[in-house]
Amino acid sequence: MVDFKVQQRRYRSKEKTIVSTIYGPVKGVKRKSIYGDAYFSFEKIPFAKPPIGELRYKAPQPPEPWTEVRSCTSTGPKPLQKHFVFQMTDGSEDCLYLNVYTKNLEPMRPLPVMVWIYGGGFQFGEASRDLYSPDYLLREDVVVISITYRVGPFGFLCMQDPAFDVPGNAGLKDQVMALRWIKENCLRFGGDPNNITLFGDSAGGASVHYMMLTEQTRGLFHRAICMSGTVLSPWAQTPQRNWPYRLAVTAGYTGEDNEKDVFEFLKNAKGSDIIKANEDLCTDDEKKERIGFSFGPVVEPYVTDHCVVPTKPIEMMRNAWSNNIPMIIGGVSNEGLLLYTDTKNKPKLLNELNDCRYVVPLELNMDRESELCKEYGYQLRTTYYGDNMPSIETLNEYLLMVSHEYFWFPIYRTILSRSEYAKAPTYLYRFDFDSKHFNHLRIISCGKKVRGTCHGDDLSYLFYNSVARKLKKHTKEYKCIERLVGMWTHFAAHGNPNYDPEHADLWQPVSAASLEKRQLKCLNITDELKEIDVPDIKKLMVWESFFTRNELL
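Residues numbered from 1 in each chain as written. Predicted model: local features only at pLDDT ≥ 70, side-chain atom pairs only at ≥ 80, totals over all residues. Heavy atoms only, no water.

Right, let's talk about the domain arrangement of the protein for a bit. Per the domain assignment, the segments of the protein are domain 1 (1-247 + 261-325) and domain 2 (335-468 + 477-551). The distance between the C-alpha centroids of domain 1 and domain 2 comes to 24 Å. Domain 1 puts 53 residues into the contact, and the matching count from domain 2 is 51 residues. Around 4500 Å² of area is buried between domain 1 and domain 2 when both sides are counted, 61% of it from carbon and sulfur atoms. Of all residues in domain 1, the largest losses of buried area upon contact with domain 2 belong to Y136, R290 and R318, amounting jointly to 19% of the total for that side. The tally of links from domain 1 across to domain 2 stands at 2 salt bridges. Between R368 and E289 there is a salt bridge, and its shortest N-O distance comes to 3.0 Å. The tally of links from domain 1 across to domain 2 stands at 20 residue pairs in polar contact (both at pLDDT 80 or more). Put simply, the parts of the chain that give the side of domain 1 that touches domain 2 at least two residues each are helix 1 (2-10), strand 8 (111-117), helix 2 (129-132), strand 10 (191-201), helix 5 (203-213), strand 11 (223-227) and helix 9 (284-288). For the side of domain 1 that touches domain 2, the element with the most residues is strand 11, which contributes 5 residues. (Domains from an automatic or database assignment. Contact = heavy atoms within 4.5 Å. Buried area = accessible area lost by both parts, 1.4 Å probe. Salt bridge = Lys/Arg side-chain N within 4 Å of Asp/Glu carboxyl O. Polar contact = N/O pair within 3.5 Å; in protein donor to acceptor, adjacent residues only side chain to side chain. Helix = DSSP H or I, 4+ residues; strand = E, 2+ residues; numbered from the N terminus.)

It is worth spelling out the nonpolar core at this point. Within the largest apolar cluster, 174 residues are counted, with the highest numbers of intra-cluster contacts made by L98, I182, F221 and W488. Top element by residues in this core is helix 14 (residues 395-421). It accounts for 13 residues. If you count residues domain by domain, this core takes at least three from each of domain 1 (1-247 + 261-325) and domain 2 (335-468 + 477-551). Among residues more than four places away in sequence, those in contact with W488 are M114, F199, I225, M227, I328, Y429, L462 and W507. (Core = buried A, V, L, I, M, F, W, Y, C linked by side-chain atoms within 4.5 Å. Buried < 20%, exposed > 50% of the residue type's maximum accessible area, 1.4 Å probe, protein only.)

Attention now moves to the packing of aromatic side chains. For the coordinates displayed, the defined rule picks out 36 aromatic pairs. Measuring from ring centre to ring centre gives 6.0 Å for F409 and W543, while their planes differ by 25 degrees; the resulting arrangement is stacked. Of this pair, F409 sits in helix 14 while W543 is found in helix 18 (residues 537-544), placing the two residues 134 residues apart along the sequence. Accessibility classification places F409 together with W543 in one group, the buried group. A ring pair is formed by Y427 and W507, whose centres lie 5.6 Å apart and whose planes are at 75 degrees; its orientation type is edge-to-face. One end of the pair, Y427, is in strand 13 (residues 426-431); the other, W507, is in the loop between helix 16 (476-494) and helix 17 (512-516), and 80 residues separate them in sequence. The exposure class of Y427 is buried, given its relative accessible area of 5%. Accessibility expressed as a relative area gives 1% for W507, which makes it buried. A cation sits over an aromatic face here: K44 above Y97, 5.3 Å from the ring centre. Positioned above the aromatic ring of W66, the side-chain terminus of R70 is 5.3 Å from the ring centre. (Phe/Tyr/Trp six-rings, centres within 6.5 Å; stacked < 30°, edge-to-face > 60°. Lys NZ or Arg CZ within 6 Å of the ring centre and 35° of its normal.)

Turning our attention to helix 16. With 19 residues, helix 16 should reach 27 Å at 1.5 Å per residue; the first-to-last C-alpha distance of 27 Å fits that figure. Looking at the residues trailing helix 16, positive phi occurs at G495, about 80 degrees. (Expected span 1.5 Å × (residues − 1).)

This part is about helix 7 (residues 259-268). Within the span of helix 7, buried status applies to V262, F263, L266 and K267. Buried residues along helix 7 cover an arc of 130 degrees about the axis, so they all sit on one side. Exposed side chains of helix 7 directed beyond 90 degrees from the buried face belong to K260 and N268. Of the surrounding elements, those touching the buried residues of helix 7 are helix 6 (243-250) and helix 8 (271-277). (Arc of directions from axis to C-beta.)

Our focus in this paragraph is the UniProt feature "active site" (unreviewed entry) in the protein. On the UniProt side, "active site" (unreviewed entry) is annotated at positions that read S202, E335 and H455 here. Across 254 residues in sequence, these annotated residues keep their C-alpha atoms within 10.1 Å of one another, forming a single compact spot. Note on placement: E335 falls in the loop between strand 12 (327-332) and helix 11 (340-345). In this structure E335 comes out as buried when scored by relative accessible area, which is 0%. Ignoring any residue separated from it by four or fewer positions in sequence, one finds E335 in contact with S228, S403, F407, W408, T453 and H455. Mapped onto the elements, H455 comes out in the loop between helix 15 (440-446) and helix 16. Among the residues examined, H455 registers a relative accessible area of 5% and is labelled buried. Contacts of H455, omitting those with residues within four sequence positions, involve D201, S202, S228, V332, N334, E335, L338, F407 and L441. (UniProt positions renumbered as here; feature names shortened; annotations may be inferred.)

Right, dumping it as structure tokens:
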């Protein structure tokens, strides 16, 4: 990390430049990428008023205009959160900024714009070069923009009473506000306001999907890439369990359970106290129900002019405006590896799965004691564990089940929905590239001995980051970067990911006919690119069988 900071300082030049945005002038700096390409970096540009004081928990407001040149030559703060590794409070409530990276401020014709939304379970995350440096993407002719949004309680507190005007999803509304800013300003940085692609991973992928569904974003972007996350992922919809009161009590509130007093307390509590109180709000029973987080996206309890999720996402998908724009969607081959170490160290959840009835999707609203729920649980248990009982001995089987439950079954349902309702093409991929030293998230999550492709490993091949190093051009890792960046940027430019003229038909959109027969194909991204049958489709169909057609899509 220290080496990275030193290197980043060295790559910053003395050359500055000023661009006028509709809110005021900003000063950026010329930088060099790890492979020697020059680009302009504008960081910490405000796209909204700081969400502090009376604006805490509220939908974002447009920024105040300014006249003096604003220095945008170094990174802005991450949103207030618990540090992913060191478990301390990190970041700032004043966080609504975005970064623009561009090679050419005045190109012959405006360049495609790629807008990155970070993941982190809606609980943490940041738009920094430490994690998401644009070096690889800027080898192609695109403008890269990364946006910040509020996470945890600050981004997703939901009050039932309309008097407070806090119906939830402030973090998603931050993203909408950022997209409005981008549409209005990107041309000034060499970007094409009529060719904007949204892409994100994990909670960022689910965010991209939410942006595709809400009427608030109609016309604000033109293509979308959802990586390892959709609105149908169980962790992307939060059941209401009186979280505000429970959060307040854990943070020191001693009053009654009434919204007015609870909200007053939460409005004035120290930010760090709220972060600390949110650490372990879920009870053991809730964890058993597979509820991981207390504050994330919700169906808003009443409609406002800033509402983004007025009804169930599955219903929004049927007539979303984005059914007319092309989409890339997919995941990695072993998403579940993300939970490898956690499950090994704390096997309680796995050991208590027993008949698997608590794995039956919460969305189905089943009585866990009912015979039907037990029957569905039994089907899941035999599908993944055969004759064995789930235990630490069946860790790999558990990680496969989790991979399907949290990622691949929601991806599959999204494909089914798009096939039914969308007029534009949908491209499905599976990232299965395994590197001993460059799959950074697996190494951080599982240590150096485990192999495979973990949730988030694909990010190492789209963005340079603080644990990466410069690769030699003949290595398979470098070639993987070339392929992934080639496909993603070609899709951003043309709505079609086939970047190699010699293989212009390699990656075909999902066809209704193959889906009908459940012979679903995807592009498998390993040491080579190849269309294959989606692995484990029969297992995904077991989950599908629990839903009526109306529930499924």
